[in-house]
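The lines below spell out each chain.
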Amino acid sequence: MASGLGVALFSSAVFGLSGSFAKALLETGWTPGAAVTARLTGAALILAVPAVPALRGRWHQLKDNWLTILLFGLIGVAACQLFYFNAVARLSVGVALLLEYLAPVIIVLWLWAASRKRPRPLTVAGTLLSLGGLVLVLDLAGAVKIDFIGVLWGIAAAVCLAIYFFITARENDTLPPIVLASGGLMVGAIVMWLAAATGLLPMAFSAADTRLGPWTAPWWVALGGLVVLATVLAYVSGIVAARALGSKVASFVSLTEVLFAVIWAWLLLGELPGPIQLLGGILIVGGVVLVRTDELRAAPVQPLPAALDHANDVEPVP
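Residues numbered from 1 in each chain as written. Predicted model: local features only at pLDDT ≥ 70, side-chain atom pairs only at ≥ 80, totals over all residues. Heavy atoms only, no water.

A.B. asks: Go over the overall build of the protein with me, naming the residues and quoting the values.
C.D. replies: Secondary structure summary: the protein contains 15 helices and two strands in total. Split into buried and exposed, the 318 residues of the protein put 53% on the buried side. The long-range fraction of contacts in the protein, counting pairs at least 24 apart against all pairs at least 6 apart in sequence, stands at 87%. Entry remark: accessible area of the protein is about 13900 Å², with carbon and sulfur atoms responsible for 73%. (Helix = DSSP H or I, 4+ residues; strand = E, 2+ residues; numbered from the N terminus. Buried < 20%, exposed > 50% of the residue type's maximum accessible area, 1.4 Å probe, protein only. Contact = heavy atoms within 4.5 Å. Areas by Shrake-Rupley, 256 points an atom, 1.4 Å probe, with all protein chains shown as cover.)

A.B. asks: Account for the packing of helix H5 (residues 66-90) against helix H6 (residues 93-100), naming residues and giving values.
C.D. replies: It is the contact of H5 with H6, at a shortest axis distance of 8 Å, that shows an interaxial angle of 140°. Of the two elements, H5 crosses H6, and the hand of that crossing is right-handed. Taking contact as the criterion, the partners of Cys80, Tyr84, Ala87 and Val88 in H5 are, on H6, Val93, Ala96, Leu97 and Glu100. Among the residues forming the contact of H5 with H6, the class breakdown is seven nonpolar, no polar and one charged. (Axes fitted to C-alpha atoms, helices over the stretch in contact; angles between N-to-C directions. Left-handed = near helix turned anticlockwise from the far one by under 90°. Nonpolar A, V, L, I, M, F, W, Y, C, P; charged D, E, K, R; others polar.)

A.B. asks: Outline the nonpolar core, supporting the account with residue identities and numerical values.
C.D. replies: If you look at the biggest cluster of nonpolar residues, it comprises 83 residues, and the most contacted ones within it are Trp30, Tyr84, Leu99 and Leu185. The greatest single-element share of this core, amounting to twelve residues, is contributed by H5. Each residue touching leucine 99, except ones within four places of it in the same chain, is listed here: Leu91, Leu134, Leu138, Gly150, Val151, Gly154, Ile155 and Ala158. (Core = buried A, V, L, I, M, F, W, Y, C linked by side-chain atoms within 4.5 Å.)

A.B. asks: Can you lay out H5 for me, pointing to particular residues and giving the numbers?
C.D. replies: The terminal C-alpha atoms of H5, which comprises 25 residues, lie 35 Å apart, in line with the 36 Å expected from a rise of 1.5 Å per residue. Approximately 30° is the largest bend angle found in H5, and it occurs at phenylalanine 72. (Expected span 1.5 Å × (residues − 1). Bend = angle between axes of the 7 residues up to and from the residue.)

A.B. asks: Lay out the environment of leucine 201 in plain terms, naming residues and giving numbers.
C.D. replies: Within the secondary structure layout, leucine 201 lies in the loop between helix H10 (177-197) and strand S1 (210-212). Distance in space between the C-alpha atoms of leucine 201 and glycine 33 is 6.5 Å, their sequence separation being 168 residues. Setting aside residues no more than four positions away along its own chain, leucine 201 makes contact with Gly33, Thr37, Leu82, Met192, Ala195 and Ala196.

A.B. asks: Any details on the pattern of salt bridges? Residues and values, ideally.
C.D. replies: The final tally for this structure, using the stated rule, is two salt bridges. Among the ionic pairs, lysine 23 bridges to glutamate 271, the shortest N-O distance being 2.8 Å. One end of the pair, lysine 23, is in helix H2 (residues 18-26); the other, glutamate 271, is in the loop between helix H13 (256-269) and helix H14 (275-297), and 248 residues separate them in sequence. Lysine 23 sits in the buried class, given a relative accessible area of 10%. A salt bridge links aspartate 147 to arginine 90, with the shortest nitrogen-to-oxygen separation between them at 3.1 Å. Taken together, the positions of aspartate 147 in the loop between helix H8 (121-138) and helix H9 (148-167) and arginine 90 in helix H5 put the pair 57 residues apart, joining distant regions of the chain. We classify aspartate 147 as partly exposed; its relative accessible area is 24%. (Salt bridge = Lys/Arg side-chain N within 4 Å of Asp/Glu carboxyl O.)

A.B. asks: Give me the lowdown on unusual backbone geometry, citing residues and values where you can.
C.D. replies: Of note, arginine 116 is a non-glycine position whose phi angle comes to about 55°, a positive value. Tracing the sequence through the fold places arginine 116 in the loop between helix H7 (103-115) and H8.

A.B. asks: Describe in detail H6, supporting the description with residues and values.
C.D. replies: With eight of its eight residues buried, H6 lies for the most part within the structure. All buried positions along H6 are accounted for by Val93, Gly94, Val95, Ala96, Leu97, Leu98, Leu99 and Glu100.

A.B. asks: Describe the packing of aromatic side chains, listing the residues and the values that go with them.
C.D. replies: A complete count under the given rule lists five aromatic pairs for this structure. With centroids separated by 6.1 Å and ring planes inclined at 40°, the aromatic side chains of tryptophan 30 and tryptophan 219 adopt a geometry described as tilted. Here tryptophan 219 lies in helix H11 (residues 219-245) and tryptophan 30 lies in the loop between H2 and helix H3 (32-55), a separation of 189 residues in the sequence. On the accessibility criterion, tryptophan 30 (5% relative accessible area) is buried. (Phe/Tyr/Trp six-rings, centres within 6.5 Å; stacked < 30°, edge-to-face > 60°.)

A.B. asks: So what's going on with the environment of isoleucine 284? Which residues, and what values?
C.D. replies: Along the chain, isoleucine 284 turns up in helix H14. When its relative accessible area of 0% is taken as the criterion, isoleucine 284 is described as buried. Not counting the four nearest positions on each side in its chain, isoleucine 284 is found in contact with Leu98, Leu102, Ser130, Gly133, Leu134 and Val137.

A.B. asks: Pulling in residues and values, what's your account of a nonpolar patch on the surface?
C.D. replies: A surface patch of nonpolar side chains, amounting to about 570 Å² of accessible area, comprises Leu259, Ile263, Trp266, Leu267, Leu272 and Leu278. When residues in the nonpolar patch are grouped by element, the largest group, four residues, is from H13. In this fold, tryptophan 266 is placed in helix H13. (Patch = residues over 30% accessible without salt bridge, like charges linked within 9 Å, V, L, I, M, F, W, Y side chains within 5 Å.)

A.B. asks: If you had to explain the environment of leucine 71 to someone new, which residues and values would you point to?
C.D. replies: Mapping leucine 71 onto the fold places it in helix H5. For leucine 71, a relative accessible area of 24% corresponds to the partly exposed category. Once the C-alpha coordinates of leucine 71 and isoleucine 167 are considered, the two residues, 96 residues apart in sequence, prove to be 7.6 Å apart. What leucine 71 contacts, discounting residues up to four positions off in sequence, is Gly76 and Ile167.

Dropping the structure here:
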């Protein structure tokens, strides 16, 4: 348990780097589409190395699970990351990630509307707490006006994350997680390249140096960090943590990603949400904790925990 907890915290820490590395590239002229495409392509190629032996010649598993891999690549990888990076281009890293973390609240509201059955009191309290936190994060009365286009991108990323959880709600025992991760990243990369080739997705790269904290670094340093640290190591360590702790406990620990993302953005970009926004972030995370705590306490026959009880070991990268 102790070693699994350490790996889970490490996974959250490196996941939290993605926004800072991406924004460093975006500020030099990269488009969000270019950053996502480069990230997915590099990570897919690296993860293909352990994914091929993981199949052990059972290539029929790819055919049997093609729909899961396709949906994971389209929604959990390509769309989720593209929307998140578009939000990062307009908002601070911390605010963009907090908006994406509203996904559990979106799930609760959707199930409530679909079933017309009110959730349990703890889930309702967590939902209201997170929605109140969202109001503070937006800081509508603040001196600095927030970019509402960026807010919409962040909420779109949250919707993609919620849809992904619905798609992969049941644990898949026939497909190794590393194969799902590699396959999903490959699908996402192909989709991004096709979108760029058809002119649907603006694609611009830059060889200008990036600013990371007090240092000036070549562009490939930020890109390498985005691919190797914030994607490959984050995925692999996240899988190891989920296997050691179980998906529920690991999902709780993953909430520390918000804290790490804010710290990294402060150290590498000089970004720090205002006091009101930080308070709102605490409320959002606190609300998500209440919702997930209610899942743990719920009986297996309840609709909400049944849908989210066995989430896939591989979750979309922010």
